[in-house]
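Chain by chain, the residues run as shown.
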Amino acid sequence: MALFGALFLTLLAGAHAELPGCKIRITSKALELVKQEGLRFLEQELETITIPDLRGREGQFYYNISEKVYEFLSTFITSGMRFLLNQQICPVLHHAGMVLLNSLLATVPVRSSVDELVGIDYSLLKDPAASASNLDMDFRGAFFPLAEANWSLPNRAVEPQLQEEERMVYVAFSEFFFDSAMESYFRAGALKLSLVGDKVPQELDVLLRATYFGNIVLLSPAVIDSPLKLELRVVAPPRCTIKPSGTTISVTASLTIALVPPNLPEVQLSSMTMDARLSAKMALRGKALRTQLGLRRFRIYSNQSALESLALIPLQAPLKTMLQIAVMPMLNERTWRGVQIPLPEGIDFVREVVTNHAGFVTIGADLHFAKGLREVIEKNRPTDTREPGASSAAPAPTAAV
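None of the values given here were measured: they were computed from a predicted structure. (Residues numbered from 1 in each chain as written. Predicted model: local features only at pLDDT ≥ 70, side-chain atom pairs only at ≥ 80, totals over all residues. Heavy atoms only, no water.)

### Digging into the side chain of Thr 247
Next up, step 1: Structurally, the position occupied by Thr 247 is in strand β13 (residues 246–259).
Next up, step 2: For Thr 247, a relative accessible area of 4% gives the class buried.
Next up, step 3: Within polar-contact distance, the side chain of Thr 247 engages the side chain of Asn 356 at 2.9 Å.
Next up, step 4: Residues contacting Thr 247, with those up to four places away along its chain left out, are Cys 240, Thr 241, Ile 242, Leu 278, Ser 279, Ala 280, Met 282 and Asn 356. (Helix = DSSP H or I, 4+ residues; strand = E, 2+ residues; numbered from the N terminus. Buried < 20%, exposed > 50% of the residue type's maximum accessible area, 1.4 Å probe, protein only. Polar contact = N/O pair within 3.5 Å; in protein donor to acceptor, adjacent residues only side chain to side chain. Contact = heavy atoms within 4.5 Å.)

### As for empty space enclosed by the protein
Next up, step 1: Evaluated as defined, the whole model comprises one cavity of 30 Å³ or more.
Next up, step 2: In this structure, the largest cavity encloses a volume near 30 Å³.
Next up, step 3: Forming the boundary of the largest cavity are Leu 193, Ser 194, Leu 195, Leu 230, Leu 232, Leu 255 and Met 322.
Next up, step 4: Only β10 (192–196) and β11 (228–234) provide two or more residues apiece to the lining of the largest cavity.
Next up, step 5: With three residues, β10 is the largest single contributor of residues to the lining of the largest cavity.
Next up, step 6: Classifying every residue of the lining of the largest cavity gives six nonpolar, one polar and no charged. (1 Å grid on protein atoms, 1.4 Å probe; cavity = no way out; pocket = protein on both sides within 12 Å on 5 of 7 lines; lining within 4 Å. Points joined across faces, edges and corners; volume = space filled by probe spheres on them. Nonpolar A, V, L, I, M, F, W, Y, C, P; charged D, E, K, R; others polar.)

### A look at the pairing of strand β14 (residues 267–285)
Next up, step 1: Alignment of β13 against β14, held across 13 bridges, turns out to be antiparallel. Paired with Leu 255 across the two strands is Met 272, which belongs to β14.
Next up, step 2: Sheet topology places β14 next to strand β15 (residues 288–301); 13 bridges connect them, and they run antiparallel. Its bridge partner lying in β15, Ala 283 is registered against Arg 290. (Pairing = 2+ DSSP bridges.)

### Structural notes on the environment of Gly 189
Next up, step 1: Position of Gly 189 relative to the elements: it lies in the loop between α4 (175–187) and β10.
Next up, step 2: Of the residues examined, Gly 189 reaches a relative accessible area of 35% and is grouped as partly exposed.
Next up, step 3: Distance from Gly 189 to Val 234, taken between C-alpha atoms, is 9.3 Å for residues 45 residues apart in sequence.

### Details of the pattern of salt bridges
Next up, step 1: For the structure shown, the criterion picks out 17 salt bridges.
Next up, step 2: Among the ionic pairs, Glu 18 bridges to Arg 140, the shortest N-O distance being 2.6 Å. Placement of Glu 18 in the loop between α1 (2–16) and β1 (22–27) and of Arg 140 in the loop between β7 (134–139) and β8 (142–145) is noted, with a sequence separation of 122 residues between them.
Next up, step 3: Residue classification places Glu 18 among the partly exposed residues on the basis of a relative accessible area of 40%.
Next up, step 4: Close ionic contact of Glu 352 with Arg 285 constitutes a salt bridge, the shortest N to O distance being 2.4 Å. With Glu 352 in strand β17 (residues 347–356) and Arg 285 in strand β14, the pair connects residues that are 67 residues apart, well separated along the chain.
Next up, step 5: Members of the salt-bridge network, linked through shared partners, are Glu 18, Arg 111, Asp 121 and Arg 140. (Salt bridge = Lys/Arg side-chain N within 4 Å of Asp/Glu carboxyl O.)

### A closer look at α4
Next up, step 1: Between its first and last C-alpha, α4 extends 18 Å over 13 residues, near the 18 Å set by a 1.5 Å rise per residue.
Next up, step 2: Among the 13 residues in α4, eleven count as buried, and that is most of the element.
Next up, step 3: All of the buried residues in α4 are Glu 175, Phe 176, Phe 177, Phe 178, Asp 179, Ser 180, Ala 181, Met 182, Glu 183, Ser 184 and Tyr 185.
Next up, step 4: One or two residues past the end of α4 sits Gly 189, with phi positive at roughly 80 degrees. (Expected span 1.5 Å × (residues − 1).)

### Re the packing of helix α5 (residues 202–211) against helix α9 (residues 313–335)
Next up, step 1: Following both chains from N to C, one finds α5 and α9 inclined at 150 degrees, their axes separated by 11 Å at the closest point. Put simply, α5 runs roughly antiparallel to α9. Where α5 crosses over α9, the handedness of that crossing is left-handed. On the side of α5, the interface is formed by Leu 204, Leu 207, Leu 208 and Thr 211, while α9 contributes Pro 314, Leu 315, Pro 318, Leu 319 and Met 322.
Next up, step 2: Its residues assigned to classes, the contact of α5 with α9 comprises eight nonpolar, one polar and no charged. (Axes fitted to C-alpha atoms, helices over the stretch in contact; angles between N-to-C directions. Parallel < 35°, antiparallel > 145°, perpendicular 65-115°, else oblique. Left-handed = near helix turned anticlockwise from the far one by under 90°.)

Structure below.
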């Protein structure tokens, strides 16, 4: 019975364990880069050392060792130092590289704002797992509306997996990562758009007035020539589906068509439902995850009757064109700004490779020091702003190596 009890408790603990929305793997190649940067840093430090001429007297002997002598000896000293660096210090630097990465990652904000509406939580769910060749980290990777900082979307997505080791860094994002972003913007009231008057494409304006001429002609003269308004509002949080063949986002929205006479209540002409399927292509630029969206499928229908849905067919192509011209560029302007990946300043991703899996996407990349190691360390050095005598905070989780 004790065995079954222990097994039950283990399964229960696993059932309640929070799944990561984002995983990062730092491979030994990244640690090698840090080691090389460390060697370059030490060599630069050695080059800045100057020794003054030595003069003096010991008993009956006078001595005068000039800088020229040091330059002659420096050949032997430098060779010896390089041998010592390679044989003795490099292994220490490899370990120091791991410690440096841990300390730099500790300076990355756990919760930060993405824009004025939404923030992101990159809390570490457990201590980094270190092996002989990799350092793996599990992050919550969850967005949240800033107005509801305590809200969180349950993570029921597939847990992302990292198997590759060829690149310096691998980042994996589950469907939950993207779903939490879209639901956060939905809850923040950002997924809506109104086009009024001149903002409505002229061809579409003419077509809509002709389509609803029977309704418009019955209105008062003060309303007939009023500006047209199209209001697009997402009615449920969009959902992301990641497959090996690609990533798609499903969106359902309502479209209301109305006339807006000045100083009078607007007059609704029609209301319909729009289903759209967007393609999404991911890319890493610098340290930002960017997304390019494209409109793949689109259809409109009426909630009132099948007959009214048939009457909407002539509007299908013009409304799709309107979405491609007026709506998609606005979406892509925001999604291409991207969201930051939890790496410190001064280190960027280069030569990325994106791979889709069932339920998650992985991006492999190499690291590039945009600045020297000294600048990176100084920029990310924590500033102690505590009052004298204040208690210290608990240290961030680190990897044991």
